[in-house]
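Listed below, chain by chain, are the residues.
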Amino acid sequence: MTEQRPDPDALLAKVQREEAKSRRGRLKVFFGAAAGVGKTYAMLSEAREKRAEGCDVLVGVVETHGRAETVAMADGLEILPPRAVEYRGAHILEFDLDGALKRRPTLILVDELAHTNAEGSRHPKRWNDVEELLDSGIDVYTTLNVQHLESLNDIVGGITQIRVWETIPDTIFERADEVELVDLPPDDLLERLREGKVYIPQQAERAIRNFFRKGNLIALRELALRRTAERVDAQMRDYRDDQAIRDVWRAGERVLVCIGPNPLASRLIRAGKRLATSLHADWIVAYVETPQLQRLPPARRDQILDYLRLGEELGAETITLSGQTMSSAILEYARGKNVTKIVVGKPTRSGWKRWLLGSVVDEIVREAHDFDVYLLACDKETDAPSLQDVSLLLRSRAYLGLKERDGESGKKRYPGYLWSIAITALITSLSAFAFGFLELVNLAMLYLLGVMYVATRFGRGPSVLSSVLSVAAFDYFFVPPHLSFAVSDIQYLVTFAVMLAVGLIVSTLTVNLRSQAKVSHHRERRAGVLYTFTRELGSTQTDDEVARVAVKHIGQEFEGQSVILLPDYQGRIHYPRSQSIQHSFHGSDLGVAQWVFDHGKIAGKGTDTLPGTEGVYFPMPGAAGTVGVLALLPINLRRVFLPEQKRLIDTFITQIVQAMERIRLTRDAQAATVKAETESLRNSLLSAISHDFRTPLASIVGASSSLIEDSARLSDAARLDLGRTIYEEAQRMTKLANNLLDMARLEAGNVKLNRQWCPLEEIVGGVLTRLHARLARNPVSIKLPPGLPLVQVDPVLIEQAFENLIENAVKYTPPGTEIEIGAKADAIAMTMWVADRGEGLPAGKEDMLFEKFYRGAKEGAQSGVGLGLTICRAIIDAHGGTIHAENRDGGGAVFRFTVPFTGEPPQIASEEEQLAASS
């Protein structure tokens, strides 16, 4: 029974995709092979149906090109007025993105997705505008021709001999929620051209001779149909994954070629290529690395790398699978990828070996109920590699710089065999001492224990030898007749057979368990390396920090030198100053890195591109293109190109790119925040200044014009009043300007405190004297207890703080109500306050009163820029104190600020002492 339980990782990815989609608008693309097939007409037709269903539809931009039926279809729909952009002396009408966002319809129509916006627009391309609309939750209908897809641009150029400059990234097309193919046969499209339904007659005739040749239209139509079919296939796979469907759906052909570490692999790959080409199908080359195959000699494993590279050169997708058995791993992967045909080699085992040991092909055929299985026969004479296979092996070894010494692998095994002989001899000696005390069955257990130990330490071959030697020693020394291989009791033959079988089984299981433990250890170590690497990357704040972390971990894991090469603003790769570069990376290697960056392909030693260089260069692909190049100079190239290591380095690169993109996005977000705050601050400042300067300026202009125009008719008292008005309003403007300048000086840190020991009574008295006229409407209560100590402050700045607080109280306090000024001291600080009996402070906004341009009264109720309290806070902060505001019991507000004592005040002599000293 097929397992229907969804994969947890796939389920999580599905939830994340759905969550991301729920926040965005839906994008539908009307896709066609060329202009004139009816994309815009189909889009407008569906938009009218949506409007009839009650949907709020807005036409953002539609290019009718003068086609009468298209104009008629747009009639009756709400159309967004275009935005006029001046470009090189001419006015160009462009899509008004801000107007669309402000209007915020449910559905908006934006024609010609690949259009390039005029200079001065917010985005360079119209697809950028569509992305912003989608991010705002607005659904979008748009149109697109196949030649505008970036991945097909060169193909279309080769077919039509015309380069199309306006393209969109394929990811925009792939992320569309729906794609509707608008198709029209080439003959019908040419007929529309001749009838003038696509272009005006003169343009139509020229188009028929150039781009719209029938052969071009047939090729473009095939490209459009194939691209749409690929998207449908991707949608089907997504649906199967979402629904955890494991059965194969034969909606399209997909070929899986299974290879192993034998010379037949290259023939299988070429046969798979021919089969996939004949079926016009995608194809995959897969290699399954089982515990048994992981024990292959290095040369055999290197050969697998070259076979996989051959598959990539022939256009296949390559994958390295891991599993306990080949058949289960192949079938599981095939069902997940919706493969329809599996290509394998004919079994090499025959007779009793095939019956006893089994065959991967037999298991696949037995379990592959949903697949067509193709068998490729071997040569009859021998399994020796062909000349092509030999050249592949030699090329692989040349790429990897490996020199296998004759007999080297065999020599490494000799100690294991010697140990198996020694351990068997040791157990025999121990059994000789125990013979007579222990039963023969217990002696047999001692031999099995030795077999297990040899299997654990030295592998399969020595363990098999240990099993045979143990049976022989047990028979020769302990089974009657002794010191002879003859057996007196036939039952001992069964004992020998069982003992040998158990020894072989135990050794096999132990070797497999050892191999699995080794694989688990490597996987655990790789997981630990990735965890540490990812954790350190998460704390990085700059590209240089990312590069340092990456170079450290990659160097440790791959045993070599490495460097992250990033481009400058012109796209030229250069050596970073922050990383230590060894001499090996200088010289012509920088040109290799530039080639890798420009083409997005791996190059260097061990590859087909520029293999003569010392290092290997990996592109670092990001969301918007290649972001840099990883240059690696490993001691052993096998550490880089083994399948599991290649996957590891790809994961490293992905993590590095994600970290760099995170940093850049954070930097962009911070810059955008600063820009927005600066813009808000500028607008608030301009609004406050224009509002508060306009009133005194109007008074000055009115009074001065009266003095000039009606001076002869005015009395002396009237002229005096007008002059006083001009003076007072000029003083008011001066006060506003001084507040702005003081705030700028305080925030810039250019104010140096002129601290002096001052009595608080003098500071308060000076402020009250200057504000005598302003305080005429409000009585002032002074609550300064006798014996207040001197305070070391800048008297000018503290007077300004008191003045701002008192003026604020006067401004928000009704006439006739009392204003209180007080202070008290303790051992560490002096606390001062200004209190009133006004309306009080808005609840929860006490701290906001000290922000720039914040005014507590209703809009327009009071004049002022809103900097007085901000200046007070800056002054008190400069003195190391604190300031806060709160509501008073019984109504009103109180502003308290505290200034700490900073030393011992000077001793002031009494009047008697001063008189005595003067006499």
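On a predicted model such as this, the values are computed, not experimentally measured, just so you know.

Student: Looking at this structure, how should I read the overall build of the protein chain?
Tutor: A count of helices and strands for the protein chain gives 29 helices and 24 strands. Once local pairs closer than 6 in sequence are excluded, the contacts in the protein chain between residues at least 24 apart make up 70%. With the model as given, the accessible surface of the protein chain reaches about 49,700 Å², and the carbon-plus-sulfur share is 55%.

Student: Would you explain the sheet that holds strand S11 (residues 341–345) in this entry?
Tutor: Two modes of strand pairing occur in sheets, parallel and antiparallel, and in both the strands are linked by backbone hydrogen bonds. Spatially, the five strands line up as an open sheet ordered S10-S9-S8-S11-S12, and their pairing is parallel. The sheet terminates laterally at strand S10 (317–322) and strand S12 (372–376), the two strands that pair on one side only. Going across the sheet, the axis of each strand differs from the next one's by a mean of 25°, ignoring polarity. Bridge analysis of strand S8 (residues 254–259) against S11 gives three bridges, and the strand direction is parallel.

Student: Even after reading the chapter, I still don't get the environment of Pro815, so can you show me in this structure?
Tutor: Mapped onto the elements of the fold, Pro815 is located in the loop between helix H27 (795–811) and strand S21 (819–825). Taking the C-alpha atoms as reference, Pro815 lies 9.0 Å from Pro779; in sequence the two are 36 residues apart. Those residues in contact with Pro815, other than ones at most four positions away along the chain, are Arg777 and Asn778.

Student: I'm lost on the packing of aromatic side chains in this one. Help?
Tutor: Aromatic ring pairs: the centre-centre distance and the angle between the two ring planes describe each pair. Evaluation of the coordinates by the stated rule reveals nine aromatic pairs. With 5.6 Å between their ring centres and 75° between their planes, Phe30 and Tyr141 make a pair best called edge-to-face. Note that Phe30 is positioned in strand S1 (residues 27–32) and Tyr141 in strand S6 (residues 139–145), a separation of 111 residues in sequence. With a centroid separation of 6.3 Å and an interplanar angle of 55°, the aromatic rings of Phe477 and Phe478 are classed as tilted. By relative accessible area, Phe477 is classed as partly exposed at 38%. Note that Lys28 overlies the ring of Tyr141, its terminal NZ or CZ placed 5.7 Å from the centroid. Between Arg896 and the ring centre of Trp833, over which it is positioned, the NZ or CZ distance is 5.5 Å.

Student: Can you walk me through unusual backbone geometry in this structure?
Tutor: Glycine aside, the phi torsion of most residues is negative, and most peptide linkages are trans. Positive phi values are uncommon outside glycine, yet Arg104 reaches one of about 50°. Here the phi dihedral of Asn338 falls at roughly 60°; this positive angle occurs in a residue that is not glycine. Within the secondary structure layout, Asn338 lies in the loop between helix H13 (326–336) and S11.

Student: So what exactly am I meant to see when it comes to helix H6 (residues 153–160) here?
Tutor: Given 3.6 residues per helical turn, the α-helix brings residues three or four places apart onto the same face. Among the residues making up H6, those that are buried are Asn153, Val156, Gly157 and Thr160. Taken end-on, H6 shows its buried residues confined to a sector of 100°, consistent with a single buried face. Following H6 by one or two positions, Gln161 adopts a phi angle in the positive range, close to 60°.

Student: I'm lost on the sheet that holds S6 in this one. Help?
Tutor: One open sheet accounts for five strands, arranged S2-S5-S6-S1-S7; its pairing is parallel. At either end of the open sheet lies a strand with only one pairing partner, and these are strand S2 (57–61) and strand S7 (178–181). The mean angle between the axes of side-by-side strands here comes to 20°, regardless of whether they run parallel or antiparallel. Both strand S5 (residues 107–110) and S6 contribute to a ladder of four bridges, which runs parallel. Pairing of Leu109 across the sheet is with Tyr141, part of S6. Running over the sheet, helix H2 (residues 39–52) touches S1, S2, S5, S6 and S7 and is turned about 165° from S6. Helix-sheet contacts for helix H5 (residues 126–135) involve S1, S2, S5 and S6, and the interaxial angle to S5 is about 175°.

Student: Explain the environment of Leu275 here, please?
Tutor: Mapped onto the elements, Leu275 comes out in helix H11 (residues 264–279). You can call Leu275 buried: its relative accessible area is 16%. C-alpha separation for the pair Leu275 and Val255, spaced 20 residues apart in sequence, amounts to 7.9 Å. With sequence-adjacent residues up to four places away left out, Leu275 is seen in contact with Val255, Lys341, Val343 and Tyr374.

Student: Sorry, what's going on with a nonpolar patch on the surface here?
Tutor: A cluster of nonpolar side chains, namely Val464, Val468 and Leu504, defines an oily patch on the protein surface of about 190 Å² accessible area. Looking at the element boundaries, Leu504 is found in helix H20 (residues 491–538).

Student: Explanation requested: the confidence of the model for the protein chain in the structure shown.
Tutor: A low pLDDT means the predicted coordinates there should not be read in detail. In the predicted model, the protein chain carries a mean pLDDT of 78, and the fraction of residues at 70 or more is 77%. Here helix H16 (residues 387–400) is the element of the protein chain with the lowest mean pLDDT, 42, and S5 is the one with the highest, 94. Here residues 380–411 is modelled with pLDDT under 50, and outside its nearest four sequence neighbours on either side it reaches 42 contacts, counting other chains as well. When the criterion is pLDDT under 50, residues 857–861 qualifies, and its contacts beyond four places in sequence or with other chains add up to three contacts.

Student: How do you make sense of the nonpolar core when you look at a structure like this?
Tutor: Within soluble globular proteins, side chains that are nonpolar tend to cluster in buried spots. Phe31, Phe95, Ile108, Leu109, Leu133, Leu144 and Phe212 are the most contacted members of the largest nonpolar core, which totals 58 residues. If we skip the residues at most four places from it in the chain, Leu133 touches Phe95, Leu97, Ala100, Leu101, Ile108, Val110, Ile138 and Val140.

Student: Whenever I open this one, the pattern of salt bridges confuses me. Can you help?
Tutor: Any two side chains of opposite charge can pair, so long as their charged atoms come close to each other. The final tally for this structure, using the stated rule, is 28 salt bridges. Here Asp177 makes a salt bridge to Arg26, at a shortest N to O gap of 3.8 Å. Of the two residues, Asp177 sits in the loop between helix H7 (170–174) and S7 while Arg26 sits in the loop between helix H1 (8–23) and S1, which places them 151 residues apart along the sequence. Classification of Arg26 by relative accessible area gives partly exposed; the value is 46%. Two residues, Arg254 and Asp282, come together in a salt bridge whose shortest N-O distance is 3.7 Å. Residue Arg254 is found in strand S8, and its partner Asp282 is found in strand S9 (residues 282–289); the two are separated by 28 residues along the sequence. Of the residues examined, Asp282 reaches a relative accessible area of 48% and is grouped as partly exposed. Ionic contacts of the salt-bridge type, sharing partners, join the residues Arg24, Glu131, Asp135 and Arg175 into one network.

Student: Would you mind showing me how to read the environment of Leu181 here?
Tutor: By secondary structure assignment, the location of Leu181 is in strand S7. For Leu181, a relative accessible area of 27% corresponds to the partly exposed category. C-alpha of Leu181 to C-alpha of Ala224: the two residues are 43 residues apart in sequence and 7.9 Å apart in space. Once residues within four sequence positions are removed from consideration, Leu181 is found in contact with Phe31, Ala224, Leu225 and Thr228.

Student: How should the pairing of S11 be read in this particular structure?
Tutor: As a general feature of sheets, a regular strand has side chains that alternate between the two faces. Most of S11 sits out of view: five of its five residues are buried. Where burial is concerned, the two faces of S11 agree: the one with Lys341, Val343 and Gly345 and the one with Ile342 and Val344 are both buried. Relative to S12, S11 runs parallel, the two sharing five bridges. Within S12, the position partnered with Gly345 by the bridge is Leu376.

Here is what the cut-offs are and how they apply
- Residues numbered from 1 in each chain as written.
- Predicted model: local features only at pLDDT ≥ 70, side-chain atom pairs only at ≥ 80, totals over all residues.
- Heavy atoms only, no water.
- Helix = DSSP H or I, 4+ residues; strand = E, 2+ residues; numbered from the N terminus.
- Contact = heavy atoms within 4.5 Å.
- Areas by Shrake-Rupley, 256 points an atom, 1.4 Å probe, with all protein chains shown as cover.
- Pairing = 2+ DSSP bridges.
- Axes fitted to C-alpha atoms, helices over the stretch in contact; angles between N-to-C directions.
- Phe/Tyr/Trp six-rings, centres within 6.5 Å; stacked < 30°, edge-to-face > 60°.
- Buried < 20%, exposed > 50% of the residue type's maximum accessible area, 1.4 Å probe, protein only.
- Lys NZ or Arg CZ within 6 Å of the ring centre and 35° of its normal.
- Arc of directions from axis to C-beta.
- Patch = residues over 30% accessible without salt bridge, like charges linked within 9 Å, V, L, I, M, F, W, Y side chains within 5 Å.
- Salt bridge = Lys/Arg side-chain N within 4 Å of Asp/Glu carboxyl O.
- pLDDT = per-residue confidence, 0-100.
- Core = buried A, V, L, I, M, F, W, Y, C linked by side-chain atoms within 4.5 Å.

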